[in-house]
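Geometric and topological summary
What follows is the residue order along each chain.
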Amino acid sequence: MANPFQLSRRNLCLMLPALAATAALAEDKKTPLPSTVLRFEDLPSEGSGEYTAKQLVHGWTHEGFRVAMHESDLAPGGAPHPAHRHKHEEMFMVREGTLEVTVEGKSTQIGPGSIAYIASNDLHGIRNAGTSHAQYFVLELGTDD
């Protein structure tokens, strides 16, 4: 009698897609972020000169929704990167200075306390339109999968 736990190459090949799908489903169950209190002055900065950033939060909610937030400091006239698109939504929240936010070719200047919401796949870019450094928070919602 054949061993029921012994797999032929053919059966193994037939099972691989199911195993891969199972692994992908298990990977989707990300560990939720724990409650945390972050002191801004204790966070390390990345970058230098015209653009620096502090990663504040990056992870998953209890429902498996990705959330990330960082604070950026941008020199006058600077832009962190060229205009781009991505699947996740994004919000820019100005703390200090003046940002020019361009969405699908339309530019608007915003200052402290202002918010810009960028919908999925909209072409967008930002630059510091002021004469001093601009500080702003970026909240990313969702994934690019």
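Our structure is the block above this text.
Within each chain, residues carry numbers counting from 1 in the order of the written sequence. Given that the model is predicted, a residue must reach a pLDDT of at least 70 before its local features are reported, and side-chain atom pairs must reach 80 or more before they are shown or counted; all residues, however, enter totals for whole chains, interfaces and linings. The basis for every side-chain value is the complete set of heavy atoms in the structure, and neither hydrogens nor water enter the calculation.

1. Considering the packing of aromatic side chains
Each aromatic ring pair is summarised here by two numbers: the centre-to-centre distance and the angle between the ring planes. Only the six-membered ring of Trp is used, alongside the rings of Phe and Tyr, when aromatic pairs are assigned; centres must lie within 6.5 Å, and planes under 30 degrees apart are stacked while those over 60 apart are edge-to-face, with the rest tilted. Going through the model one piece at a time under the given rule, you end up with one aromatic pair. Each ring, one from phenylalanine 92 and one from tyrosine 136, has its centre 6.3 Å from the other, and the planes form 70°; the classification is edge-to-face. Residue phenylalanine 92 is located in strand 4 (residues 89-96), and its partner tyrosine 136 is located in strand 9 (residues 134-141); the two are separated by 44 residues in the primary sequence. Side by side, phenylalanine 92 and tyrosine 136 carry an identical accessibility label, which is buried. Each helix corresponds to a stretch of at least 4 residues labelled H or I by DSSP, and each strand to a stretch of at least 2 residues labelled E; elements are numbered beginning at the N terminus. Buried, partly exposed and exposed residues are distinguished by accessible area as a fraction of the type maximum, computed with a 1.4 Å probe on protein chains only: under 20%, between the cut-offs, and over 50%, respectively.

2. Some details on the environment of histidine 58
Relative to the elements of secondary structure, histidine 58 occurs in strand 2 (residues 51-60). Overall, the relative accessible area of 53% leaves histidine 58 in the exposed class. Residues histidine 58 and leucine 139 lie 81 residues apart in sequence; the distance between their C-alpha atoms is 9.8 Å. Contacts are assigned to residue pairs with any non-hydrogen atoms lying within 4.5 Å of each other. Apart from the residues within four sequence positions on either side, histidine 58 is in contact with Leu33, Arg66, Val67 and Ala68.

3. With respect to the sheet that holds strand 9
The sheet built from six strands is open, its strands ordered 1-2-3-9-4-7 with antiparallel pairing. Where the open sheet ends on each side, the last strands, each with one partner, are strand 1 (46-48) and strand 7 (115-118). Here the average twist between neighbouring strands, direction ignored, is 15°. Two elements, strand 4 and strand 7, share four bridges in a ladder whose sense is antiparallel. When DSSP locates at least two bridges between a pair of strands, those strands are taken to pair. Fitted lines through C-alpha atoms serve as axes, helices being fitted only where they are in contact, and the angles separating the N-to-C directions of these axes extend from 0 to 180 degrees.

4. Considerations on the sheet that holds strand 6 (residues 106-110)
Pairing in this open sheet of three strands is antiparallel, and the strands run 6-5-8 from one edge to the other. Across the chains shown, the open sheet's two edge strands, defined by having one partner strand only, are strand 6 and strand 8 (124-128). Ignoring which end each strand starts from, the neighbouring axes of this sheet average 20° apart. Two elements, strand 5 (residues 99-103) and strand 6, share five bridges in a ladder whose sense is antiparallel. When the bridges of strand 6 are listed, valine 103 appears paired with lysine 106.

5. With respect to the pattern of salt bridges
Each salt bridge in this description consists of a side-chain nitrogen of Lys or Arg and a carboxyl oxygen of Asp or Glu lying within 4 Å of one another. One pass over the structure, following the stated rule, counts five salt bridges. Across the pair arginine 39 and aspartate 42 runs a salt bridge, and its minimum N-O distance is 2.8 Å. You can call arginine 39 partly exposed: its relative accessible area is 49%. In this structure, glutamate 104 engages arginine 85 in a salt bridge whose closest nitrogen and oxygen atoms are separated by 3.1 Å. Note that glutamate 104 is positioned in the loop between strand 5 and strand 6 and arginine 85 in the loop between strand 3 (66-74) and strand 4, a separation of 19 residues in sequence. Relative accessible area serves as the criterion here: at 48%, arginine 85 is assigned to the partly exposed category.

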